[in-house]
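In case you want the letters, here they are:
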Amino acid sequence: METESEPYVRLATLRQLHQVVTDLNTARSLADTLQTVADGVIAGLGYELACVNLVRPDGDLVVAAFAGNAAAEALITGRVGSRASWERRLTMGEGWGDLRFIPHTEGWVLLEDDVPQWYTEGPEPRFEDEWHPQDRLYAPMYASGGGRELLGVISVDKPRNGRRPGAWGREALQMYASQSAIAISNARLRANMQRALVRLEREQQALRASEESFRQAFEYAPSGMAIAEMGGDQHGRLLRTNDALCRLLGRPAAVMRRYSFADLVHPEDIGLLLRTSAEGGRAELRLGRRDNSYVWVSLRNSVVADTADGPRFLLTHVEDIEERKRHELQLAHRASHDSLTGLPNSAELRARLSARLCQRPYAVGASAVEALDAAYGAAHDGRGETPGHAVCAPGGFDFDPVPGGGPFDHHVHMTAPEGDVDDGTKGLAVLFCDLDGFKSINDRFGHNTGDAVLIEVARRLTTGVRDGDTVARLGGDEFVVLADGLGAADAADLAVRLRNAIIPPIRVDGRAVRVGASFGIGWASCGMSVEEVLRSADQRMYIEKRSRAKVHRRAG
């Protein structure tokens, strides 16, 4: 099983990867992009040395960028390795997905070939996954599409932790190599497009040749391109789209000319599209396909003119980023959910609970009309309370102005029933569950059986609550249920139902095992912190555990 801190490490790595990938798209030239690729390995992936080898037109690979060691950079930058030697390297050693790892025990045969490399010596590894100075790890960069055209190879050395990368590190390096290939392709495309635009503006005598050059770059670009009108009644209407964009959206060019991007964008992204500037604007949003599905794309705008004094048009580059978005969503889900049960983890539980709480306790005693009068009077004409004072209506709504929000924050205040008697008050119940007898199962049958029990308990808890309720794994054999809109009797009934759902035997590897459960019911109330809410439910759980006779539960 993963360690408790690994989701936070993954989230931090995701943030670093997001930053270095963003930097890839801000480089102005191909040379800047290549150096940014090498620098990103050092900054975001945890290696001390990185080298970018770029495929030349003749097929050989040249060292185009280096990061991490000035002496090594001066030694090998600009040197060329033959394609045959590189293909040999990319078939040796171990294949980690698209990555290629050559351990030092095999790589000694490469010391004399013509691929530029730096030499370092070191002792034999002390443990199995320790990194040796002569270990080699390569990340090939392939062009997008089905042909898998090799654009170059990233070689890395000296992981900062001194170990060979695990599954997570390999996945991160492979994803970064994929994004680097896209950035290099886009840098080449941008260079071609810029040259075409310069010819359109300055070479009046060679206008037809320039138009043909632009047409070639536009029509045969590997990613989507579109030209739209600027200004007038038809502002934004698509005038021309290339084949890549038509394939991406599943619509023929003739049909595309009926639309603008505003007609195709996802309703939730229309505001983002409208805020994207015409000149140099960038946005990541969803566009509709013909089959009514949506695809994530990156839009980048620039303004072009038909002639020096002619009408201006909007040129939009549309890049398919569906795969990257899917990876980001998967990584974000792993960071916020328990790897064993798939339930929200402790951090996600605290985030959801914190979103429901505010620092101001719920105030009683004012009628709804009085609260409204006080709120509007304080905000508009100075009567009543001073502006900024919290006023809570009995329905639970706070009409207090909040910084950065609208004039009134319609926050629904959390209240708690008084005592254990159901007085009709509905609130957010926090049920703290601790399994009884789980430790003995773990000790007797092993962790695999214990894991199976936890997975089944998570399934039974999830099945026993309503849609919209939260079941989270706090850690170990502790779970927390958040159920809104319950009274005291409702919460007690829910605890009984969930306990009864857990009690039936659980079959694991042909044997039946049993666990019990102790539940403590706490209530989330504004004015309390998240830790106070959880601590209150935890304390009630231990009170309930001690009060139950041993004959009715197994000791946990």
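Our structure is the block above this text.
All values reported here derive from a predicted model rather than from experimental measurement.

S.K.: Give me the nonpolar core: which residues, what numbers.
M.R.: Counting 39 residues, the largest nonpolar core has V41, L45, L137, I154, L173 and Y176 as the members making the most contacts within it. Sorting the residues of this core by element identifies α1 (6–24), α2 (30–44), β1 (47–55), β2 (61–67), β5 (99–102), β6 (136–142), β7 (150–159) and α6 (167–202) as the ones contributing at least two each. Considering every element that reaches this core, the biggest residue donor is α6, with nine residues. Once residues lying within four places of it in the same chain are set aside, the contact partners of L137 are Y47, W96, L99, R100, F101, W131, I154, S155, V156, P165 and L173. Of all hydrophobic cores here, the second largest spans 31 residues; its members include C433, V457, A495 and I521.

S.K.: Quick rundown of the pattern of salt bridges? Include the residues and the values.
M.R.: Tallied over the entire structure, the rule returns 31 salt bridges. Measuring nitrogen to oxygen at the nearest pair gives 4.0 Å for the salt bridge that ties R326 to E322. With R326 and E322 both in helix α12 (residues 322–336) and four residues apart, the pair spans about one turn of that helix. Residue class for R326 comes out partly exposed when judged on its relative accessible area of 37%. Overall, the relative accessible area of 22% leaves E322 in the partly exposed class.

S.K.: So, the packing of helix α16 (residues 447–463) against helix α17 (residues 488–502): which residues are in play, and what are the values?
M.R.: Contact pair α16 / α17: the axes reach a minimum separation of 9 Å and the direction vectors enclose 145 degrees. Relative to α17, the crossing made by α16 is right-handed. Across the interface between the two elements, V457, R460 and L461 of α16 pack against L498, A501 and I502 of α17. Partitioned by chemical class, the residues of the contact of α16 with α17 number five nonpolar, no polar and one charged.

S.K.: Summarise the sheet that holds β2; cite the residues concerned and give the values.
M.R.: Reading across the sheet, the seven strands line up as β3-β2-β1-β7-β6-β5-β4 and stay open at both edges, with antiparallel pairing between neighbours. Among the strands making up the open sheet, the edge pair consists of β3 (80–81) and β4 (94–96). As defined by bridge partners, β1 adjoins β2 across six bridges and the pair is classed as antiparallel. Bridge pairing in β2 places A50 opposite A67. Packing of α2 onto the sheet brings it into contact with β1, β2 and β7, and relative to β1 it is tilted by some 155 degrees.

How each quantity is defined
Residues numbered from 1 in each chain as written. Predicted model: local features only at pLDDT ≥ 70, side-chain atom pairs only at ≥ 80, totals over all residues. Heavy atoms only, no water. Core = buried A, V, L, I, M, F, W, Y, C linked by side-chain atoms within 4.5 Å. Buried < 20%, exposed > 50% of the residue type's maximum accessible area, 1.4 Å probe, protein only. Helix = DSSP H or I, 4+ residues; strand = E, 2+ residues; numbered from the N terminus. Contact = heavy atoms within 4.5 Å. Salt bridge = Lys/Arg side-chain N within 4 Å of Asp/Glu carboxyl O. Axes fitted to C-alpha atoms, helices over the stretch in contact; angles between N-to-C directions. Left-handed = near helix turned anticlockwise from the far one by under 90°. Nonpolar A, V, L, I, M, F, W, Y, C, P; charged D, E, K, R; others polar. Pairing = 2+ DSSP bridges.

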